[in-house]
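So the chains spell out like this:
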Amino acid sequence: MNLAAKVHELKKLKLTVANLEKDITEIEDLIKAEMTAQDVSEMVVDVFKIRWVPYASTRIDTTALKAELPDIAARYSKTTETRRLSIT
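**So, the pairing of strand β2 (residues 48–51)**
Turning to step 1, where the next piece is worked out: Bridging between strand β1 (residues 42–45) and β2 involves four bridges; their strand directions are antiparallel. What sits directly across from V45, in β2, is F48.
Turning to step 2, where the next piece is worked out: Following β1, the chain reverses through two residues before pairing antiparallel with β2; D46 in that reversal takes a positive phi of roughly 55°.

**Describing helix α1 (residues 3–38)**
Turning to step 1, where the next piece is worked out: With 36 residues, α1 should cover 52 Å at 1.5 Å per step; its first-to-last C-alpha distance of 52 Å lies within 8% of that length.
Turning to step 2, where the next piece is worked out: Following α1 by one or two positions, D39 adopts a phi angle in the positive range, close to 55°.

**A word on the environment of N2**
Turning to step 1, where the next piece is worked out: If you trace the backbone, N2 turns up in the segment before α1.
Turning to step 2, where the next piece is worked out: As for N2 and T58, which are separated by 56 residues in sequence, their C-alpha atoms are 48 Å apart.
Turning to step 3, where the next piece is worked out: Of note is the side chain of N2, whose polar atom sits 3.2 Å from the backbone nitrogen of A4.

**Regarding the pattern of salt bridges**
Turning to step 1, where the next piece is worked out: Counted by the stated rule, this structure contains four salt bridges.
Turning to step 2, where the next piece is worked out: Two residues, E42 and R51, come together in a salt bridge whose shortest N-O distance is 3.0 Å.
Turning to step 3, where the next piece is worked out: Given a relative accessible area of 39%, E42 falls into the partly exposed group.
Turning to step 4, where the next piece is worked out: Put simply, E42, K49 and R51 are held in one network by salt bridges that share partners.

**Section: the environment of S86**
Turning to step 1, where the next piece is worked out: Position of S86 among the secondary structure elements: in the segment after α3 (70–75).
Turning to step 2, where the next piece is worked out: C-alpha of S86 to C-alpha of T16: the two residues are 70 residues apart in sequence and 18 Å apart in space.

**Let's talk about a nonpolar patch on the surface**
Turning to step 1, where the next piece is worked out: Together, L69, I72 and Y76 make up a nonpolar patch on the protein surface, roughly 320 Å² of accessible area in all.
Turning to step 2, where the next piece is worked out: Structurally, I72 can be placed in helix α3.
Turning to step 3, where the next piece is worked out: Residue I72 is classed as partly exposed on the basis of its relative accessible area, which comes to 33%.

Definitions and cut-offs
Residues numbered from 1 in each chain as written. Predicted model: local features only at pLDDT ≥ 70, side-chain atom pairs only at ≥ 80, totals over all residues. Heavy atoms only, no water. Pairing = 2+ DSSP bridges. Helix = DSSP H or I, 4+ residues; strand = E, 2+ residues; numbered from the N terminus. Expected span 1.5 Å × (residues − 1). Polar contact = N/O pair within 3.5 Å; in protein donor to acceptor, adjacent residues only side chain to side chain. Salt bridge = Lys/Arg side-chain N within 4 Å of Asp/Glu carboxyl O. Buried < 20%, exposed > 50% of the residue type's maximum accessible area, 1.4 Å probe, protein only. Patch = residues over 30% accessible without salt bridge, like charges linked within 9 Å, V, L, I, M, F, W, Y side chains within 5 Å. Areas by Shrake-Rupley, 256 points an atom, 1.4 Å probe, with all protein chains shown as cover.

What follows is the structure, encoded as structure tokens:
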């Protein structure tokens, strides 16, 4: 296996993904802007039903927990180890 060629291919693919993600975000922003302009949270376009609605989620504020109750935060904290591939 030519590892250098694979690294070059990987870098090229990651750049393609980044560009696609940028394009996706731009299109999503256009759709949201149109929905805002029409003052709707749901619309049908062609065969697609588009919904852009608020939702709520609840998460523990770990920064506040560590500041106010460090013993409890430490007791319920878990450290995991993973490996990260990095190519620069």
